[in-house]
Amino acid sequence: MPLLSVVLPVYKVQGYLRQCLDSLLAQAFTDFEVVAVDDCSPDNSGAILAEYAERDPRVRVVSLETNAGLGGARNAGLDQAIGDYVWFVDGDDWLAQGALTAVAGRLADTDPDVLVVGFDRVFWDGRVAVAGAGALLATAPRTFTVIEWPQVLNVLHVAWNKIVRRDLLVKLGFRFEAGWYEDVSYTFPILAAAERISALGRTCVHYRQRRTGAITRTVGDRHFEIFKHWEHALALVEEYAERPEALRPLLFQRMMWHYVVVLRNPERIPPASRRSFFDRIVADFHRYRPAQGYRPPPGPMGLRLRFVERGSFRSFRALNRAVDVVKAVNRRRRVPLLKARGVAKRVRQAAYRGYYRLHLRLPVDDRLALYAAYWYRGVTCNPAAISRKAAELAPDVRNVWVVGRARARSVPPGTDYVIAGSLPYYRALARARWLVNNVNWPNWVVKRAGATHLMTHHGTPLKMMGLDQVDHPAAAKDPDFHAQMRRADRWDFSISANAHTTVAWERAYPCRYETLEVGYPRNDRLASASPAETAAVRAKLGIAPSERVVLYAPTHREWLPLGQQVLDVEAFADRLGPDSVLLVRAHYFYVAPDEDAQSRRGRVVDVSAYPVVEDLYLAADVMITDYSSAMFDFAVLDRPLVIFAPDWEAYRELRGTYFDLMEQPPGAVATTFAELVGVFADGAYATGEAAGRRARFRERFCYLDDGRAAERVVRRVLLAEPAP
């Protein structure tokens, strides 16, 4: 008997059904069945279901002889379900990656009757809106009843965001009613009957906002069916709830809100039917208004309900028109306001640039070195290692960092810095003798005579960079290659980690800089780290000495939505076993400025915002990556490396690469989730064969990382000593 039965009603969703089924069957969690109900769909949906059922035994198809509607199809699926829990998923929506793993974990942890999950809205034009339900659910108690946490009633009242214990549905003899708005008479009675409710704030369902075909965008009198469903819902709550009197005011408020939302939507109620719909609201207001506990809500909604109470359709309609007029006026005002703000911003920038040009006329400050990394994201990477060594070898030089305002609080104590965009920032840019960065300075920065620009870069290149991206334009974030070369023309020095990198940079950036093939300064710490330092870092991260630490550090994929990853980390962590900790380090593109440095969820620790990546390398016993330059850095430690490359062919085709990673990997390779689990289950990541691959990789890429790269850079650039 599976843990979960996914009941999938199918009717006229042939364009979306494959995505829905793929999102289910590709989940790492597998203890579930799909009961797909073909509700006499007139399109190719039935053939698609047959195709999936033939190749995957988890899919069972129930074919109805006559169209039963959404409620009837769900009932048919429920009758065939055998899982401990039932999840009614719509055929035009799809599940987020890792949703089933997260759901199964929450069910095991809380043993609820009902689990309510988060979702987002995906619009037909590609826009994605994260619903507020996820944030609300994240604040819920571990388990609760509706009376203990009534906020759950404000979460969208649909079947597909709730996983319900099947025994509860059987005990209640629950059946979906026919007609539109059938989710109303499901959601509220089930929540009222549940003795234990739990919540999962993460996005589990992608709720498709269809351009056509949705009842929420269909004008007609079938929207009057909302009244019978609320009537049925309230009757069931009276039957199911232990204390129905405590729920009446809450449900009445929600019901009235729902009625008003439907009436105000021009895509639902025909103009000729609005007065009749209003009269039905008036009747239900007086029929169901609680004798105690009801208070009109504040604002326009409260006014609307006062007009409903009085049966004044004219006043109700006039208020709605007034509100709509105010919104329209505010929208019109917002445009010139935004334009005014834009003008003010441009005026301020012009004034600051004038300040910058004024300081360009002043002498270069021969004691000032200005540092930055990752577009002002903090004190990190190669520039940080160089600034530390400069403080030791060139104490007369004043080292100043540029950081964004949101990153200022993360600056290490005692570090001198300026805020990007401030007057001190423009002054330092104009006067600094040395400008050190791992990315380019802004286009408008002037390369002064007497100033030295040092480009440190921020990774050994596997993927193609600079002019090499001309043949791979889909991956070029900046397709203006002329501008790229103008920025590179400002470089006096370019750091290279090895001969491979030197060749790549010369192809990618054919400019007049001097190459410093010295190794990467940020790896000095790794090359000289002691066991005591490793132990201290693990203790700092809260990791026990006996725990195996696996670091997962994937790279960015331009063809995936921002934040979407290729590995279900929760499922993988479960497969690693109880003595392992999985550190997850997302690409810096995905890290918000105010994100916590680390957060733990079971055996998974999100360290995406942890400021010092070298700490994570030292803490790890083994690292998993895909195409990230992190592999070249971690290899310095001579610890096991695993390449997880499920989309290598796509990456190589879109990004272009300087060598074939599959032919020259730094260790074991996995291309599927099952293979990755197997690499750790049978110890393939730590075999002699894997060590031999790593040795060959280190010989090619890490031979200069001896702990003295930063020293070589400082002596050549700041102290003007001959090249090593």
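Residues numbered from 1 in each chain as written. Predicted model: local features only at pLDDT ≥ 70, side-chain atom pairs only at ≥ 80, totals over all residues. Heavy atoms only, no water.

**Q** Tell me about the overall build of the protein chain, and name the residues and values.
**A** Secondary structure assignment for the protein chain yields 25 helices and 23 strands. Every one of the 724 residues in the protein chain was classed for burial, and the buried ones make up 54%. Contacts spanning at least 24 positions in sequence make up 73% of the contacts within the protein chain whose residues lie at least 6 apart. For the protein chain, the computed accessible surface area is about 32,300 Å², with 51% contributed by carbon and sulfur atoms. (Helix = DSSP H or I, 4+ residues; strand = E, 2+ residues; numbered from the N terminus. Buried < 20%, exposed > 50% of the residue type's maximum accessible area, 1.4 Å probe, protein only. Contact = heavy atoms within 4.5 Å. Areas by Shrake-Rupley, 256 points an atom, 1.4 Å probe, with all protein chains shown as cover.)

**Q** Please set out the packing of aromatic side chains residue by residue, giving values where relevant.
**A** According to the stated counting rule, one finds 39 aromatic pairs in the structure shown. On the basis of an interplanar angle of 80 degrees and a centroid distance of 5.6 Å, the ring pair of Tyr-352 and Tyr-426 is categorised as edge-to-face. Here Tyr-352 is found in helix 12 (residues 313-360), whereas its partner Tyr-426 is found in helix 14 (residues 423-431), with 74 residues between them in sequence. Here the aromatic rings of Tyr-617 and Phe-634 are separated by 6.0 Å at their centres, their planes lie at 65 degrees, and the arrangement is edge-to-face. Here Tyr-617, found in helix 20 (residues 613-619), pairs with Phe-634, found in helix 21 (residues 630-634); they are 17 residues apart in sequence, far enough to count as distant. Phe-634 carries the same exposure label as Tyr-617, and that label is buried. (Phe/Tyr/Trp six-rings, centres within 6.5 Å; stacked < 30°, edge-to-face > 60°.)

**Q** Outline the packing of helix 9 (residues 244-264) against helix 10 (residues 274-288), supporting the account with residue identities and numerical values.
**A** Close contact between helix 9 and helix 10 brings their axes to 11 Å; oriented N to C, the two are set at 175 degrees. When the axis of helix 9 is compared with that of helix 10, the two are roughly antiparallel. Note on element contacts: helix 10 touches helix 9 through Arg-274, Phe-277, Phe-278, Ile-281, Asp-284, Phe-285 and Tyr-288, opposite Phe-252, Met-255, Met-256, Tyr-259, Val-262 and Leu-263. Partitioned by chemical class, the residues of the contact of helix 9 with helix 10 number 11 nonpolar, no polar and 2 charged. (Axes fitted to C-alpha atoms, helices over the stretch in contact; angles between N-to-C directions. Parallel < 35°, antiparallel > 145°, perpendicular 65-115°, else oblique. Nonpolar A, V, L, I, M, F, W, Y, C, P; charged D, E, K, R; others polar.)

**Q** Before we move on, could you go through the pairing of strand 4 (residues 85-88) and cite the residues and values that matter?
**A** Side chains of strand 4 alternate between two faces, with Tyr-85 and Trp-87 and Val-86 and Phe-88 buried alike. By the bridge criterion, 4 bridges tie strand 1 (residues 4-10) to strand 4 in an arrangement that is parallel. Within strand 4, the residue paired with Val-7 across the bridge is Phe-88. The pairing of strand 4 with strand 8 (residues 162-165) spans 3 bridges and is antiparallel. By the bridge assignment, Val-86 is partnered in strand 8 with Val-164. (Pairing = 2+ DSSP bridges.)

**Q** Which residues make up the sheet that holds strand 12 (residues 416-419), and what are the values?
**A** Within the open sheet, the 7 strands sit side by side as 12-11-10-13-14-15-16. Their pairing is parallel. Sheet topology places strand 12 and strand 16 (514-517) at the edges, where each strand pairs with a single neighbour. With direction set aside, neighbouring strand axes in the sheet form an average angle of 25 degrees. The pairing of strand 10 (residues 365-372) with strand 11 (residues 398-403) spans 4 bridges and is parallel.

**Q** Now, about the pattern of salt bridges: what can you tell me, with residues and values included?
**A** For the coordinates displayed, the defined rule picks out 40 salt bridges. Between Arg-398 and Asp-416 there is a salt bridge, with its nearest N and O atoms 2.9 Å apart. Taken together, the residues Arg-398 in strand 11 and Asp-416 in strand 12 connect sequence positions 18 residues apart. Among the residues examined, Arg-398 registers a relative accessible area of 46% and is labelled partly exposed. The class of Asp-416 is partly exposed, set by a relative accessible area of 30%. Bridged by salt links that share partners, the residues Arg-74, Asp-90, Glu-182 and Asp-183 form one connected network. (Salt bridge = Lys/Arg side-chain N within 4 Å of Asp/Glu carboxyl O.)

**Q** A description of the side chain of Gln-27 should follow, citing residues and the corresponding values.
**A** Its place among the elements puts Gln-27 in the loop between helix 1 (17-25) and strand 2 (32-38). In this structure the side chain of Gln-27 is engaged in a polar contact, spanning 3.4 Å, whose partner is the backbone nitrogen of Gly-98. Residues within four places of Gln-27 in sequence aside, it is in contact with Leu-95, Ala-96, Gln-97, Gly-98, Ala-99, Leu-100 and Thr-101. (Polar contact = N/O pair within 3.5 Å; in protein donor to acceptor, adjacent residues only side chain to side chain.)

**Q** Could you give an account of the packing of helix 7 (residues 184-193) against helix 8 (residues 225-240), with specific residues and numbers?
**A** Interaxial distance between helix 7 and helix 8 falls to 8 Å at its minimum, and their mutual angle equals 15 degrees. The pairing of helix 7 with helix 8 is recorded here as roughly parallel in orientation. Crossing hand, helix 7 versus helix 8: right-handed. Where helix 7 abuts helix 8, its residues Val-184, Ser-185, Phe-188, Pro-189, Ala-192 and Ala-193 lie against His-229, Trp-230, His-232, Ala-233, Leu-236, Val-237 and Tyr-240. For the contact of helix 7 with helix 8, the class distribution of residues is 10 nonpolar, 3 polar and no charged. (Left-handed = near helix turned anticlockwise from the far one by under 90°.)

**Q** Any chance you could break down helix 24 (residues 688-701) for me, citing the residues and the numbers?
**A** For helix 24, spanning 14 residues, the distance from its first C-alpha to its last is 20 Å, which sits close to the expected 20 Å at 1.5 Å a residue. What helix 24 keeps buried is the set Ala-690, Arg-694, Phe-697 and Phe-701. Looking straight down helix 24, one finds its buried side chains confined to an arc of 60 degrees; they lie on one side. Exposed residues pointing more than 90 degrees away from the buried face of helix 24 are listed as Gly-688, Glu-689, Arg-696 and Glu-699. Against the buried residues of helix 24 lie helix 16 (499-508), helix 21 and strand 23 (668-670). (Expected span 1.5 Å × (residues − 1). Arc of directions from axis to C-beta.)

**Q** With reference to specific residues and values, describe the pairing of strand 3 (residues 59-63).
**A** Moving residue by residue along a regular strand, the side chains alternate between the two faces of the sheet. Across 5 bridges, strand 2 lies against strand 3 in parallel orientation. What sits directly across from Val-35, in strand 3, is Arg-60.

**Q** Tell me what's going on with helix 13 (residues 381-393), and back it up with residues and numbers.
**A** Because each turn of an α-helix spans 3.6 residues, side chains separated by three or four positions end up pointing in the same direction. Helix length check: helix 13, at 13 residues, gives a terminal C-alpha distance of 19 Å against a target of 18 Å (1.5 Å per residue), a fit within 8%. Listed as buried for helix 13 are Cys-381, Asn-382, Pro-383, Ala-384, Ala-385, Ile-386, Ser-387 and Ala-390. Considering only its buried residues, helix 13 is in contact with strand 10, strand 11, strand 13 (432-437), strand 14 (452-455), strand 15 (493-496) and helix 25 (709-717).

**Q** How would you sum up the environment of Val-622? Please name residues and give values.
**A** Assignment of secondary structure puts Val-622 in strand 21 (residues 622-625). Judged by its relative accessible area of 1%, Val-622 is buried. Expressed as a C-alpha distance, the spacing of Val-622 and Ala-686, which sit 64 residues apart in the sequence, is 8.8 Å. Those residues in contact with Val-622 that lie beyond four places of it in its chain are Val-549, Val-550, Leu-551, Phe-634, Pro-640, Leu-641, Val-642, Phe-680 and Tyr-685.

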